[in-house]
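What the coordinates show
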Amino acid sequence: MIRRRSTPWIHKWSRPLIAGVAGFGALITGYLTVEKLTGGSAACVAQAGVKGCNDVLASPWATVLGQPLALFGFLAYVGMVILALAPLVLPLGDNNSRKQLENNTWWLLLVGAIAMSVFSGYLMYLLAFQIQALCPYCIGSAFFSFSLLVLTIIGRPWDDIGQILFTAIIVGMVTLIGTLGVYASVNQPSGIADSTPGKPEKISFVPKADPQPGIGWQVTTTSGEAETALARHLAQVGAKEYSAYWCPHCHEQKLLFGREAEQIIDENVKVECAPGGLNAKPEVCQAAKIQGFPTWIINGKSYSGVQNLEELAKVSDYKGPRNFKYFK
């Protein structure tokens, strides 16, 4: 009598497990997408002197093709859920059709998991060495991506391990090249880009040196009449900008105002939150429950991240000239 080899439990439950992990990933990225699109602040415990989740959301790497990066992550996780559950829920009467669907979706799951893992690895590099922030949501999403890859590999018997390695190399290379291409404009040298005569200039700042202790980087842009008038108006209406001297996005906000207007902001509007910064008031920032930099408080409402001057003019009911020189 020949005994049948029992099916390993991981092979029985791999698809529900993949769907569950991807579901958690979709929840995280969906939440971050909503916060990014609405200009809200992600619930994240801020630590003194350490950049957090909202600094990551405000970073130039958090936007891809004009849309929040988290949105693409959400779509990827939802796609993995669909691929994992399709053979389990679709009414297929033919066993051959079901087996074909199972095989095809497994390969798509493998390709998706490899691509997500490579991309997540690159994002972890950015988080550690470029943004230099601690973001539990980002780390959690990366963990889910790597978990999906492990479950996809061990979740079924593969006839040819070499084919998995070949697929991983090809998909990994394509993903990495595509990722570097997408972020090519973000990784360009710091300065001002996309300038068109007679139109506002687009600000792009990527620090290539450490900030001056307690001060930050030098403001290289100049202010016009509109920038100076808006800065005075913000001071008059009691607006507050909570920032940290080491924050690149706070420096982008300075570049939008220009040197002369920024001096008005610095003296009358800005609250330095980083210990060790010039005139630092970290206790004021903690009392205001500031979770990311820069954060504007205008007329009792909070606005997270770098704000274009046109937006600051709108929310502060500014009536002066609006021929602003720069935008982000």
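Residues numbered from 1 in each chain as written. Predicted model: local features only at pLDDT ≥ 70, side-chain atom pairs only at ≥ 80, totals over all residues. Heavy atoms only, no water.

1. Observations concerning helix H6 (residues 161-182)
Convention followed: In this text, helices come from DSSP runs of H or I with a minimum length of four residues, and strands from runs of E with a minimum of two, each type numbered from the N-terminal end. One fewer than the residue count of a helix, multiplied by 1.5 Å, yields its expected span. Note on classification: 1.4 Å probe, protein chains only; a residue is buried when its accessible area is under 20% of the maximum for its type, exposed when over 50%, partly exposed between these limits. Working definition: the arc comes from the directions between the helix axis and the C-beta atoms, pointing outward to the latter.
Helix length check: H6, at 22 residues, gives a terminal C-alpha distance of 31 Å against a target of 32 Å (1.5 Å per residue), a fit within 8%. Among all positions of H6, only Ile164, Thr167, Val171, Gly172, Thr175 and Thr179 are buried. Seen end-on, H6 carries its buried residues on one side only, within an arc spanning 125°. With respect to the buried face of H6, the exposed residues turned more than 90 degrees away are Leu165, Phe166, Ile169, Val174 and Ile177.

2. Considerations on the confidence of the model for the protein
Formally: pLDDT is defined as a per-residue confidence score from the predictor, taking values between 0 and 100. Contacts are assigned to residue pairs with any non-hydrogen atoms lying within 4.5 Å of each other.
Here the protein averages 87 in pLDDT, and 91% of its residues register 70 or above. When the criterion is pLDDT under 50, residues 188-197 qualifies, and its contacts beyond four places in sequence or with other chains add up to 21 contacts.

3. Quick notes on unusual backbone geometry
Pro294 follows Phe293 through a cis peptide bond whose omega is -10°. With respect to the secondary-structure elements, Pro294 resides in the loop between helix H10 (282-287) and strand S7 (295-298). Its identity is not glycine, yet Asn279 carries a phi of approximately 55°, on the positive side. Counting through the fold element by element, Asn279 comes out in the loop between strand S6 (270-272) and H10. Despite not being glycine, Lys289 shows a phi value in the positive range, around 60°. Inspection of the secondary structure assignment puts Lys289 in the loop between H10 and S7.

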